[in-house]
Amino acid sequence: MRILLGITGGIAAYKAANLIRAFSEQGHSVQALPTQNALRFVGRATLEALSGAAIDNDMYQDVHEVRHVELGANADLIVVAPATANFLAKLANGIADDLLMNAILASTSEIYVCPAMHTEMWQNPATQANVATLRSRGIYVMEPASGRLTGTDTGPGRLPETEEIVSFVMGKKPLSGMTVTVTAGGTREPIDQVRYIGNSSSGRMGIAIATAYRDAGALVRLVACNIEIPVPAGIEVIRASSVADLDQAMNLPSDIMVMAAAVSDFRIDKPFEGKLPRGEARTMSLTPTKDLIADFAAKNPDTFCVAFALTEDGADVETISQGKLLTKKVSAVAGNSVSSLGSEIGEITLVTKLAVLRESGTKIELGRWLVGAISKTMSKA
Ligand SMILES: Cc1cc2nc3c(=O)[nH]c(=O)nc-3n(C[C@H](O)[C@H](O)[C@H](O)COP(=O)(O)O)c2cc1C
């Protein structure tokens, strides 16, 4: 893996040298990127020698290479250790005033942050609010260790040991070797050449689930139906538009299939060729579409299939999801309500044969929760 290691200006910056060695010994390539202040605490020569790569943290050097974009795009994952209080504040607010901040903001890779600072700085409400913001955006923030700090004080704020940081980053990959297909977005059924029956699904939930599976080490394919928001790096994207397209595109051998796309229940019998002219009244005949996830589950009995049940606000999500579990013959049903369509937040009721689980939060948080809940269900089956 290509790791971009950000190092910021705390007393523990010298420990980044051990981290470079540890990641390199595991076969990863490490590009160290210290802040200007980090170089007051650890020598450039040390970082260059251990990482085997030159270090140049000047934003305005080799401008024609647009290095911040290149560094961000070339990283499979980004680790910042140690992360200062200043860095946490800048990242939470999207401040891009040096090469490290620019590279991170320009990247869609997964990000791991390991804060280290005095206990009072760590516990300061400003720092804690910044950490909460970062976590809600899907950034993994490690809890600092407790112990001896600079000088004679002790308490939480110490940079965890190198091995703990490595397992915090790599231990989040329990699904290495697994293949996952996630469908996302909303289908469009043509009425004529320019009009369609669609829905307001943004694709955010499916992208959050795909990202959580990527972070867990799985090989992820996202079948994206009419999605306009960007898909993070490290996820293979297959585009589809109509139910028929989706049916074809999702036909992939997978260990897990998550059907988060909002699929039209109807299609137009005979779409009009060309553009329907204004003026005349028209009658359209709607034909029910195939139940794609039920069909996929029947054809792929070894795949863990998760259907989504979109219910009206106030409906009994659990009972509806239980019903779909039986009729669709899938492994799990994730019930959510119409108000979550297109929103940043939501609530999921996950129904399996073994249990009913519920969680609410941002879609990024729900994606991670769902991946964990599915993994636990699979391990018990
Ligand atoms: C001796 C010394 C030790 C420091 N240790 C830390 C630390 O462990 N954590 C921290 O957040 N800031 C620490 N600071 C303050 C940072 O260096 C300061 O906030 C700086 O602006 C961080 O810059 P950067 O985030 O761009 O690297 C320390 C400062 C000094 C002088």
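Residues numbered from 1 in each chain as written. Predicted model: local features only at pLDDT ≥ 70, side-chain atom pairs only at ≥ 80, totals over all residues. Heavy atoms only, no water.

Caption draft 1: Representation of the domain arrangement of the chain in the model. The assigned domain composition of the chain is domain 1 (2–170) and domain 2 (179–380). Centre-to-centre, using C-alpha coordinates, domain 1 lies 36 Å away from domain 2. Of the residues lining the interface, 9 residues belong to domain 1; the matching set on domain 2 comes to 8 residues. Buried area between domain 1 and domain 2, both sides added, is near 720 Å², and the carbon and sulfur share of it is 43%. Counting the contacts that link domain 1 with domain 2 gives 0 salt bridges. (Domains from an automatic or database assignment. Contact = heavy atoms within 4.5 Å. Buried area = accessible area lost by both parts, 1.4 Å probe. Salt bridge = Lys/Arg side-chain N within 4 Å of Asp/Glu carboxyl O.)

Caption draft 2: A look at the site of the ligand. With respect to spatial proximity, 14 residues lie near the ligand, and among them Gly9, Thr35, Thr84, Ala85 and Ala116 are the closest. Here a nitrogen atom of the ligand and a backbone polar atom of Ile11 are 3.3 Å apart. With respect to the ligand, the side chain of Asn86 contributes an N or O atom lying 2.9 Å from an oxygen atom. Look at the ligand: alone it shows 640 Å² of surface, and the protein chains cover 66% of it. At 3 residues, helix α4 (residues 85–93) tops the list of elements feeding residues into the shell around the ligand. (Near = heavy atom within 4 Å. Polar contact = N/O pair within 3.5 Å; in protein donor to acceptor, adjacent residues only side chain to side chain. Areas by Shrake-Rupley, 256 points an atom, 1.4 Å probe, with all protein chains shown as cover. Helix = DSSP H or I, 4+ residues; strand = E, 2+ residues; numbered from the N terminus.)

Caption draft 3: Spotlight on the environment of Val306. When you line up the elements, Val306 lands in strand β16 (residues 304–311). A residue is classified by how much of its surface remains accessible, and Val306, at 0% relative accessible area, is buried. For Val306, the residues in contact, after removing those within four places along its chain, are Met257, Val258, Met259, Ile293, Ala332, Ala334 and Ile374. (Buried < 20%, exposed > 50% of the residue type's maximum accessible area, 1.4 Å probe, protein only.)

Caption draft 4: Up close: the pattern of salt bridges. In the structure shown here, the tally under the stated rule is 16 salt bridges. With a closest N to O distance of 3.5 Å, Arg158 and Glu161 form a salt bridge. Taking relative accessible area as the criterion, Arg158 reaches 25% and is therefore assigned partly exposed. In this structure, the salt-bridge partner of Lys299 is Asp295, at a minimum N-O distance of 2.9 Å. One end of the pair is Lys299 and the other is Asp295, both in helix α11 (residues 292–299) and 4 residues apart, which spans about a single turn. Taken together, the salt bridges that share partners define one network made up of Asp247, Lys290, Asp295 and Lys299.

Caption draft 5: Region of the structure containing the side chain of Thr287. By the element assignment, Thr287 lies in strand β15 (residues 286–288). On the accessibility criterion, Thr287 (19% relative accessible area) is buried. A distance of 2.6 Å separates the side chain of Thr287 from the side chain of Asp269, its partner in a polar contact. Ignoring any residue separated from it by four or fewer positions in sequence, one finds Thr287 in contact with Asp265, Phe266, Arg267 and Asp269.

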